[in-house]
Amino acid sequence: MLKLLIIDDEEMMERLAKPFFERRSYQVFYSAKGEEGLQIFAKEKPDVVLLDLGLPDMDGKDVLKQMKDIWGKSKIIILTGFNEEEIKTNILPLGPDAYFTKPCKLHMVDEKIKEMITGNQ
Amino acid sequence: MNLYSIPNLIAGIFCFLLGLLVFLKNRKSSPNISFLIMATSTSIWQIGTFAVLLSKTPQMALLFCRITYWGAVFIPISTYHFAVSFLKKRDQKKFVTMFYLLGIFIFLPISQTDFFLYGINKYFWGYWFKAGFLQPLFLVFFAFLTTLSFVNLYISYKKCVTPLERLRIKFLLIALFIAYIGGSVDFLPDYGVTIYPFGYISLAMCLSLIAYAIVRYRLMDIKLAITRFGIFIVVYAFVLGLPFWLGYRYHLWQHSTWLMAVLATMGPFIYLRLEKRSKEVLYKAEFKRYETLRRFSKTLLLIKEVDQLSKLIVYRLIKTLKVSYAAIYLYNKETNSYVLRSFRPSVCSDNSKIKSLTKEDELIKLLFNRRRELILEELSNLPVAKIEKNENNYININHAQEQMREIGATLIIPHFLENELLGFLVLGDKENNAIYTEEDVSILSTLSNSAALAIENSLFLIDLKITQAQLFDTKRIAELGYMASAMGHEINNRLQAIYSVALDLVDNPAIYEYIKANPQAKDAFDKDIAFINENVEDATKIINELKSYARPQESQKQNFTNINLKEVIDKAVGIVKLQSIKAFNTISLEISIPEGISPISGNFIQLQQVFVNMLNNAYDAIAEKREFLLHHQEMNTPNFKGYIKITAKEVKRMLKIHIVDNGIGMTGEIKKRLFIPLYTSKATADRKTERTLMGGTGIGLYTIQTIVKGHDGNIEIANTERLKGAEFIITLPAAREKHK
């Protein structure tokens, strides 16, 4: 069972994305805040992280960097409202494993995760 | 020592020097040569008279009297000679020769005989001529020639049309008249009449006037010239005469020397003071005008709008100076030329008047060279050599003169600010075809200076407005970008929620089971989900466009890429069609860009912005027309369908893009101001029309222009009429080389 950590301050993600992934046999952890998310990350060492960059307490980019330091084997997928160009200049240098611009279809995220994991094995 | 002799000596020397001066100005000119003869003859007469007056014995006086006639005989002849050569009367040249021969062989010999000068008279001023019985013959000859000269001049004066020549001839006529009167007085004592022969004053005056008329190409008013001369004589007669008289009468030479020193110091001041007073009396009307203009020029600085300013100046010039035509040309940075801004009377608005002049034009080159007023008639007399020396490239004075005629100028007053020619005043003929005097030029220059300052001021204000608008513009765009980014983020999150809910509806097993159990609901359900998804996708696109549109522009050319015109226009069309508030599908949009048209080197986003703006403007114009027709049913056009046509063609490596609409169009007034920032023809009070991002704020077309210019291109409005639509032409250069 894949461990998935969702860090997003959107209440919707907890209400909808969490059951969506659970139905697809992920073990889903959820946090709306960066600090808390990092704690869960350190404790659970999830396989995949869905990270929103616009967090209330921390800059998403810092969260990403710290995660890389704590446990480098997690796949990190960025969910963002930025447009392509901003992502190219701001996000990609940080080395996420994938990114999606909001709004995105969750099953595409699911497909992407599966692709990454199987590709890795 | 006979003091009465001194004026004659002075007059004699003065006349000779004057003749020499005029001769040296132009040794080859026939009028100048004849003037020298005239002046020399007069000089011999005056110096001879001086000797006569100084003579100790009657015998000696008689001898000098005879010598005097060596000059006197030739005075009338050379006067006639001068008149003929000045007026260029070739046909009378033979008479000149004949009269000279007559003078040399008849009158000169006769004058040396007792029949001519019978002896000597003695008056209070000294010895004087005594006429013999043949002398009246000479007087007739004298009167005949003088009259002949006079008639010649007078006929030419009547015929003459150019003010300068007219004034010159007028000078000569008056000069001759003065000499005639003075000369006649000198002959009276010859016949025993005791009148002091003050002829030397009028002779000196006559010759001065003539010399002035020959040498100077700009003549002052004759009234003024004579008054000045008169004042000069009176002042200096007093300054020099009084001490002399005192010294002579009371033998107080030492005191009188002191007195003379004091008076001589005061002389110039008295002269200037009297001259000023006399001017005020002589030119009461003119001074009033000048005063009006002077006061007017002070008020100019209060006006802040160039067009109003130029109109006002032109109006005031016509009213006050009563000139036939007045106009203002101002420098235009954009076109690098001097453009006709305002003129009067409007009847003169025929197309023959040149509307603009460039720095390459001879007239402008001449203005830059002279840096002072130009008078049409004087151009032919300008010292050409000087101009050639100063300027490496030769100025064709004839062309300049021709151009002056073409713009209807008799006088041009330039206004320079440091080294820049800001513009110039153009003035037509003066009332009664009179000449422009130094005073006119001086007051006009004052006016022009004030005008230049005021115009500079108002131009500065416009510049300031534009800068402010640009600042406003960039700030606005930056703010908008920031806002769009932040809001886009938020909206995207909402959209994510909607998306996810839609997905959940399909994905959620409970709902899924329910749908499965109710097949009749499935179609409607699928349709609704599809509708939600579609709209979310559209909304996403709009937000992304908004964000890219509003992003602060980087306009550096090194970021330019080769851009396919069709692609950028298609993209722009795509964007405007996304605007659900604008029903672009209700109008016909026709775009035909030929295949294989060269790419443009530029910034894609910016060019896209240009076309988005153009399309939005056209749309708004169409919407406005639709609205207008709705309220004007009488125009009976129920089937109005808006269209926008974009066509392009390539001419000599330039892409010409025509954007035509059949919207509300513009009046000439709006057309003129279209590219001025903050100007909008859209009814901003009625917020309905202010619906686009930039349109309606008045920045739209200005932004377009700025961007197009940043691409070395140009935008102009080719054609527009109220209710008929508009046609814009954007010209952009084809890309020169391939970008990496």
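Our structure is the block above this text.
Residues numbered from 1 in each chain as written. Chains lettered and ligands numbered in written order. Predicted model: local features only at pLDDT ≥ 70, side-chain atom pairs only at ≥ 80, totals over all residues. Heavy atoms only, no water.

Student: Break down the overall build of chain A for me, citing the residues and quoting the values.
Tutor: Each helix and strand counted, chain A has five helices and five strands in total. Reading the secondary structure of chain A in the N-to-C direction produces β-α-β-α-β-α-β-α-β-α. In chain A, which comprises 121 residues, the proportion classed as buried is 49%. The long-range share in chain A, meaning contacts at least 24 apart out of those at least 6 apart in sequence, stands at 60%. When the accessible surface of chain A is split by element, carbon and sulfur atoms take 46% of a total near 5,700 Å². (Helix = DSSP H or I, 4+ residues; strand = E, 2+ residues; numbered from the N terminus. Buried < 20%, exposed > 50% of the residue type's maximum accessible area, 1.4 Å probe, protein only. Contact = heavy atoms within 4.5 Å. Areas by Shrake-Rupley, 256 points an atom, 1.4 Å probe, with all protein chains shown as cover.)

Student: Just give me the short version of the interface of chain B and chain A, but keep the residues and values in it.
Tutor: Each partner contributes to the interface: chain B provides 23 residues, whereas chain A provides 19 residues. Taking both partners together, chain B and chain A bury about 1,900 Å²; carbon and sulfur atoms supply 52% of that area. When residues of chain B are sorted by the area they lose upon contact with chain A, His489, Gln496 and Leu503 of chain B head the list and together hold 29% of the total. The salt bridge partner of Lys105 of chain A is Glu537 of chain B, with a shortest N-O separation of 3.3 Å. For the pair chain B and chain A, the number of links is four residue pairs in polar contact (both at pLDDT 80 or more). Among the secondary structure elements, those contributing two or more residues to the side of chain B that touches chain A are helix 16 (438-507) and helix 18 (519-550) of chain B. With 14 residues, helix 16 of chain B is the single largest residue contributor to the side of chain B that touches chain A. (Buried area = accessible area lost by both parts, 1.4 Å probe. Salt bridge = Lys/Arg side-chain N within 4 Å of Asp/Glu carboxyl O. Polar contact = N/O pair within 3.5 Å; in protein donor to acceptor, adjacent residues only side chain to side chain.)

Student: Explain the sheet that holds strand 14 (residues 714-721) of chain B to me, and be specific about the residues and the numbers.
Tutor: All names here are of chain B. As summarised here, the arrangement of the five strands in space is 10-12-13-15-14, forming an open sheet in which the pairing is mixed. Each edge of the open sheet is held by one strand with a lone partner, namely strand 10 (588-592) and strand 14. Pairwise comparison of adjacent strand axes, ignoring direction, gives a mean angle of 15° for this sheet. Bridge count between strand 10 and strand 12 (residues 643-651): five bridges; the pairing is parallel. Each bridged residue has a counterpart across the sheet, and for Ser592 the counterpart in strand 12 is Thr647. (Pairing = 2+ DSSP bridges. Axes fitted to C-alpha atoms, helices over the stretch in contact; angles between N-to-C directions.)

Student: I'd love a proper account of the pattern of salt bridges, names of residues and values included.
Tutor: Opposite charge on two side chains permits them to pair, given that their charged atoms come into close proximity. All names here are of chain A. Applying the stated criterion across every chain, the model contains 18 salt bridges over all chains. Between Lys18 and Glu22 there is a salt bridge whose closest N-O contact spans 3.6 Å. Linking Lys18 with Glu22, this pair stays in helix 1 (residues 11-23), spanning four residues, or about one helical turn. Between Asp62 and Lys65 there is a salt bridge; the shortest N-O distance is 4.0 Å. Residue Asp62 and its partner Lys65 are both found in helix 3 (residues 60-70); the two are separated by three residues, about one turn of the helix. Lys65 sits in the partly exposed class, given a relative accessible area of 47%.

Student: Could you give an account of a nonpolar patch on the surface, naming the residues involved and the relevant values?
Tutor: Residues and elements named next belong to chain B. There is a patch of nonpolar side chains on the surface, built from Ile13, Phe16, Leu17, Leu20, Leu24 and Ile47 and spanning about 490 Å² of accessible area. A per-element tally of the nonpolar patch places helix 1 (residues 5-25) first, with five residues. Residue placement: Leu20 occurs in helix 1. (Patch = residues over 30% accessible without salt bridge, like charges linked within 9 Å, V, L, I, M, F, W, Y side chains within 5 Å.)

Student: Kindly report on the packing of aromatic side chains, identifying the contributing residues and their values.
Tutor: As enumerated under the stated definition, the model contains 34 aromatic pairs over all chains in all. Measuring from ring centre to ring centre gives 5.7 Å for Phe82 of chain B and Phe86 of chain B, while their planes differ by 35°; the resulting arrangement is tilted. Separated by four residues within a single helix, Phe82 of chain B and Phe86 of chain B lie in helix 4 (residues 74-86), roughly one turn from each other. The same class applies to Phe82 of chain B and to Phe86 of chain B, which are both buried. Stacked on the ring of Trp71 of chain A, the Lys or Arg Lys45 of chain A has its end atom at 5.9 Å from the ring centre. Taking NZ or CZ as reference, Lys645 of chain B lies 4.8 Å from the ring centre of Tyr643 of chain B, over its face. (Phe/Tyr/Trp six-rings, centres within 6.5 Å; stacked < 30°, edge-to-face > 60°. Lys NZ or Arg CZ within 6 Å of the ring centre and 35° of its normal.)

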